[in-house]
Amino acid sequence: MLTPTLLTPAFAADPTGDWRVADGVANIRVAQCNGNVWGAVAWEKEPGGRDSYNPDPARRTRPTLGMPILINMKKKPGEDAWEGEVYNAKDGKTYSSTITPKGPDQLEIQGCVLGFLCGGETWTRVGPPIPSSPVNSMAKSNGKTTGTANKTVATAPKATGPATRSATPGQKPGAQADTVGDICLLPDIAGLAH
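Given the structure is predicted, the values throughout are model-derived calculations rather than measurements.

S.K.: When you look at the environment of Val-126 in this model, what are you seeing that I'm missing?
M.R.: One can find Val-126 in the loop between strand S8 (116–125) and helix H2 (134–141). For the pair Val-126 and Asp-18, spaced 108 residues apart in sequence, the C-alpha to C-alpha distance is 5.4 Å.

Here it is, written out as structure tokens:
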């Protein structure tokens, strides 16, 4: 029988799971979608948020719940770090970003504008690592994502299991149902994750 201490190293380099942002206003669900890491808002302290600072006026009314935050993060060779972009809903800007697990329960997020003016924060784990999406696995079995796989992603039902919970850990049961589920199935990620 494995003890929890023997499992810790496996979690240390896994950025997937649910993470509470530093100021505690949201949880970001991080999962591997089509070979890259993506993150989307899975819980909000104040439900009903809108992406009001988005530079695209047509997107300013979209809900922040389910909105991609970590975008197309690729594993850095030989390191426990992923690089890509992070979207900051507080200013509507996208930044170059790196995420690095710091032990099993912390994820460091670093973002930079034009290679300088860097800042970051540390997120705290509130949910276990997430297995790869079943739809994601289907797309990988073809060697690449095809039009058929994209149709499956767009119409697949919400996943159940470890990634789908009735309430966010640390919240009272029934406080806010998990309406996000498998983030790989969200239209903003399924449409972009080629």
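S.K.: Would you mind going over the packing of aromatic side chains with me for this structure?
M.R.: In this description, an aromatic ring pair is defined by two values, namely the gap between the centres and the angle between the planes. Overall, the coordinates contain 0 aromatic pairs when judged by the stated rule. Positioned over the ring face of Tyr-87 is Arg-62, at 5.9 Å from the centre of the ring. The cationic tip of Lys-75 hangs over the ring face of Trp-82; the distance from NZ or CZ to the ring centre is 5.0 Å.

S.K.: Is there a simple way to think about the state of the cysteines in this case?
M.R.: Simply put, disulfide is the name for a covalent bond between the sulfur atoms of two cysteines. Per the stated rule, a full pass over the model turns up 2 disulfides. In this model Cys-112 forms its disulfide with Cys-118; the gap between the sulfur atoms is 1.9 Å. In this structure, the disulfide formed by Cys-112 and Cys-118 twists by about 110 degrees around the S-S bond and is classed as right-handed.

S.K.: It is not clear to me how the pattern of salt bridges should be interpreted in this structure. Could you clarify?
M.R.: Pairing is possible between side chains of opposite charge, provided their charged atoms come close. Using the criterion set out here, one finds 8 salt bridges in the structure. Ionic pairing is found between Arg-62 and Asp-51, a salt bridge with its closest N-O pair at 2.9 Å. Of the two residues, Arg-62 is situated in the loop between strand S3 (36–44) and strand S4 (68–75) and Asp-51 in the loop between S3 and S4; the sequence distance between them amounts to 11 residues. Overall, Asp-51 belongs to the buried group, its relative accessible area being 0%. Lys-75 is paired through a salt bridge with Asp-80; the nearest N and O atoms lie 3.8 Å apart.

S.K.: What is the right way to look at the side chain of Arg-62 in this model?
M.R.: Judged by its relative accessible area of 16%, Arg-62 is buried. Separated by 2.9 Å, the side chains of Arg-62 and Asp-51 make a polar contact. Looking at Arg-62, its side chain comes within polar contact range of the side chain of Asp-188, at 2.9 Å. Apart from the residues within four sequence positions on either side, Arg-62 is in contact with Gly-49, Arg-50, Asp-51, Asn-54, Met-67, Pro-68, Tyr-87 and Asp-188.

S.K.: Can you walk me through the pairing of S3 in this structure?
M.R.: Working note: regular strand, side chains alternate between the two faces of the sheet. For S3, a buried count of 9 out of 9 residues is recorded, marking the element as mostly surrounded by other parts of the structure. Pairing geometry for strand S2 (residues 26–33) and S3, over 8 bridges, is antiparallel. In the strand pairing of S3, Arg-29 is matched with Ala-40. In textbook terms, the turn of a hairpin is the stretch between consecutive antiparallel strands, and for S2 and S3 this stretch comprises 2 residues, one of which, Asn-34, has a positive phi near 55 degrees.

S.K.: Looking at this structure, how should I read the side chain of Thr-16?
M.R.: Positionally, Thr-16 belongs in the loop between helix H1 (4–12) and strand S1 (17–20). Polar side-chain contacts of Thr-16 include one of 2.9 Å to the backbone nitrogen of Ile-130. Setting aside anything within four residues of it in sequence, one finds Thr-16 in contact with Val-30, Ala-31, Gln-32, Arg-125, Pro-128, Pro-129 and Ile-130.

S.K.: What am I meant to see in unusual backbone geometry here?
M.R.: If a residue is not glycine, its phi is most likely negative; likewise, a peptide bond is most likely trans. Its identity as a non-glycine residue notwithstanding, Asn-34 has a phi of 55 degrees, on the positive side. Of note, Asn-34 is situated in the loop between S2 and S3. A positive phi is found at Asn-72, a non-glycine position, where the angle reads about 50 degrees. As for its placement among the helices and strands, Asn-72 is situated in strand S4. Looking at Asn-72, the relative accessible area reads 28%, which means it is partly exposed.

S.K.: Hey, could you run me through the confidence of the model for the protein in this one?
M.R.: The predicted coordinates ought not to be read in detail in places where the model reports low pLDDT. For the protein, per-residue confidence averages 76 on the pLDDT scale, and 68% of positions sit at 70 or higher. Scored below 50 in pLDDT, residues 1–11 makes 5 contacts in the model with residues more than four places away or belonging to other chains. In this model residues 137–175 is a low-confidence stretch, pLDDT under 50, and it forms 57 contacts with partners more than four residues away in sequence or in other chains.

Conventions used here
- Residues numbered from 1 in each chain as written.
- Predicted model: local features only at pLDDT ≥ 70, side-chain atom pairs only at ≥ 80, totals over all residues.
- Heavy atoms only, no water.
- Helix = DSSP H or I, 4+ residues; strand = E, 2+ residues; numbered from the N terminus.
- Phe/Tyr/Trp six-rings, centres within 6.5 Å; stacked < 30°, edge-to-face > 60°.
- Lys NZ or Arg CZ within 6 Å of the ring centre and 35° of its normal.
- Disulfide = S-S within 2.5 Å.
- Salt bridge = Lys/Arg side-chain N within 4 Å of Asp/Glu carboxyl O.
- Buried < 20%, exposed > 50% of the residue type's maximum accessible area, 1.4 Å probe, protein only.
- Polar contact = N/O pair within 3.5 Å; in protein donor to acceptor, adjacent residues only side chain to side chain.
- Contact = heavy atoms within 4.5 Å.
- Pairing = 2+ DSSP bridges.
- pLDDT = per-residue confidence, 0-100.

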